[in-house]
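# Architecture at a glance
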Amino acid sequence: MPDLRIVNLAKRFGPIMALEDINLDVHDKEYVSIIGPSGCGKSTLIKCIAGIIDPDEGEVFVDGKLMRHIPIQHRRIGYVFQEVTLFPHMRIIENVSYGPRVQGEKPQDSKVLVTELLNLIKLADRADSFPSELSGGAQQKVAVSRALASGSTLLLFDEPFGALDAKVRTELRYEIKKMINDLGLTVLHVTHDQEEAMSISDKIVIMKGGRIVEEGSPLELYMRPKMIFTANFLGEANFLKAKVTRQSDTGSVVKVGDMFLQTSDRTRKAGEEVVIAIRPEFMSIAPGFKGEDTLVGKVVGTRFMGDMIRYEVEIVSGEIMFVEHPICFGELDIQLEDEVALKIPKHLVAVYSPPERGLEKELQLE
Ligand code: ATP
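Residues numbered from 1 in each chain as written. Predicted model: local features only at pLDDT ≥ 70, side-chain atom pairs only at ≥ 80, totals over all residues. Heavy atoms only, no water.

### Digging into the side chain of Ser252
The condition that has to hold: The helix and strand labels rest on DSSP assignments: H or I over at least four residues marks a helix, E over at least two residues marks a strand, and numbering proceeds from the N terminus. Exposure classes here rest on a 1.4 Å probe applied to the protein chains alone. A residue is buried below 20% of its type maximum, exposed above 50%, and partly exposed in between. We call two N or O atoms a polar contact when they sit within 3.5 Å, provided that within protein one can donate a hydrogen and the other can accept it, with sequence-adjacent residues counted only if both atoms are side-chain atoms. Pairs of residues are marked as contacts when any of their non-hydrogen atoms sit within 4.5 Å.
Along the chain, the position of Ser252 falls in strand β12 (residues 251-256). Residue Ser252 is classed as buried on the basis of its relative accessible area, which comes to 3%. Side-chain polar atoms of Ser252 contact the side chain of Thr263, separated by 2.7 Å. Of note is the side chain of Ser252, whose polar atom sits 3.3 Å from the backbone oxygen of Asp265. When near neighbours in sequence (up to four residues on either side) are disregarded, Ser252 contacts Val244, Arg246, Gln247, Leu261, Gln262, Thr263 and Asp265.

Structural data, given as structure tokens:
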């Protein structure tokens, strides 16, 4: 049974459809992240689950139990926001034991759990400190522990690391993830940070305009996105209009301008218009024009990024492609204005039907 089941959830704010037809299962001990452009409904979804907002339609079940009419404090769901919400006048230990205390537990009953939680976040020696004496990252760890002390096994995170600087944020994400694994918790995590979502999640849910567009493992969504929106939103991709010229048992050949490219797509017929997507790091770049199965063009920009060189290549059909060459494979003798060939393994060319509203509109994220 999933720990969290969301069925046909919808929420409207006046003319804005913030959530529409949301169906989602989060399984026991699963770590699921929600990503999507600003305003796509991520926080509204989390708030409906927590009980802060009542949905207009649909239901939320936690552990099989219907949450409708169950007030927030009785849902046994831990909720951690971006803003640290510790009580400033209470010591760390009092903050962590706050939930059990208001639920009427005697301090000695929750002492073992609270001590265990402080040990897990390596802050047992700061139990008597006040929040203002801890760093932002440490305060957020305390907030997570406080959310857990009431015995919730389902945690909702709404950008909990959003206000922290990049290095602390990265360290904290792995520390919290380990704690969640150790305690066997289920998490639904809203984040703007794609790298964060990819590195810690079992599953990523992509939202757009109040709806779920696609869900899958980070690897699936990155390597084989089913939707143009996903390929565009998660990571980066070059999109080109193309036409299928040949279809066989092992894949198809598409034509981009006057160039041909192999793909492993077997679902489209010769003559069909398509859109292909290729991630910048899926291509290798070499000086000089080369034969079949390459896109060819001219270098119109180069940028050294530290771990890679990013080339901007105007292919002969006129489109600009971004190509990334990892620096660990050595420097290339490629300069501005040089003619180059871009080689792409056929299984890394994603093929899509042209979007109804046009490719340009489809690629707009807002
Ligand atoms: P962000 O990433 O910017 O935090 P989000 O994906 O979390 O955005 P929500 O905050 O859920 O998006 O908002 C979804 C839509 O609903 C937006 O258009 C927002 O303006 C609108 N909205 C959210 N809360 C309210 C509210 N209380 N009253 C009116 N409109 C609201």
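### Let's talk about the sheet that holds strand β11 (residues 238-248)
Note the threshold: Between any two strands, pairing holds if DSSP finds at least two bridges. Fitting a line to C-alpha atoms yields each axis, with helices limited to the stretch in contact; the angle taken between N-to-C directions then spans 0 to 180 degrees.
The antiparallel open sheet is built from five strands, whose spatial order is β13-β12-β11-β14-β20. Looking at strand neighbours, the two that pair on one side only are β13 (259-263) and β20 (350-352), the edges of this open sheet. On average, each strand axis in the sheet is tilted by 40 degrees relative to the strand beside it, whichever way the strands run. Bridge analysis of strand β14 (residues 273-278) against β20 gives three bridges, and the strand direction is antiparallel. Residue Ala277 lies in a different strand from β20, and its bridge partner there is Ala350.

### Topic: the domain arrangement of the protein chain
Operational definition: For each domain, the first and last residues come from an automatic or database assignment. Defined in terms of a 1.4 Å probe, buried area is the accessible area two parts forfeit on being brought together, summed over both. Gly falls in the polar group here, along with every residue not listed as nonpolar (Ala, Val, Leu, Ile, Met, Phe, Trp, Tyr, Cys, Pro) or charged (Asp, Glu, Lys, Arg).
Along its sequence, the protein chain is carved into domain 1 (4-230) and domain 2 (236-356). The C-alpha-based centres of domain 1 and domain 2 are spaced at 39 Å. Across the contact, eight residues belong to domain 1 and nine residues belong to domain 2. Summing both partners gives a buried area of about 670 Å² for domain 1 against domain 2, and 60% of it is carried by carbon and sulfur. At the boundary of domain 1 and domain 2, one finds three residue pairs in polar contact (both at pLDDT 80 or more). Those elements that place two or more of their residues in the side of domain 1 that touches domain 2 are α8 (218-223) and α9 (228-233). Looking at the side of domain 1 that touches domain 2, the element that brings in the most residues is α8, giving three residues. For the side of domain 1 that touches domain 2, the per-class residue count stands at six nonpolar, one polar and one charged.

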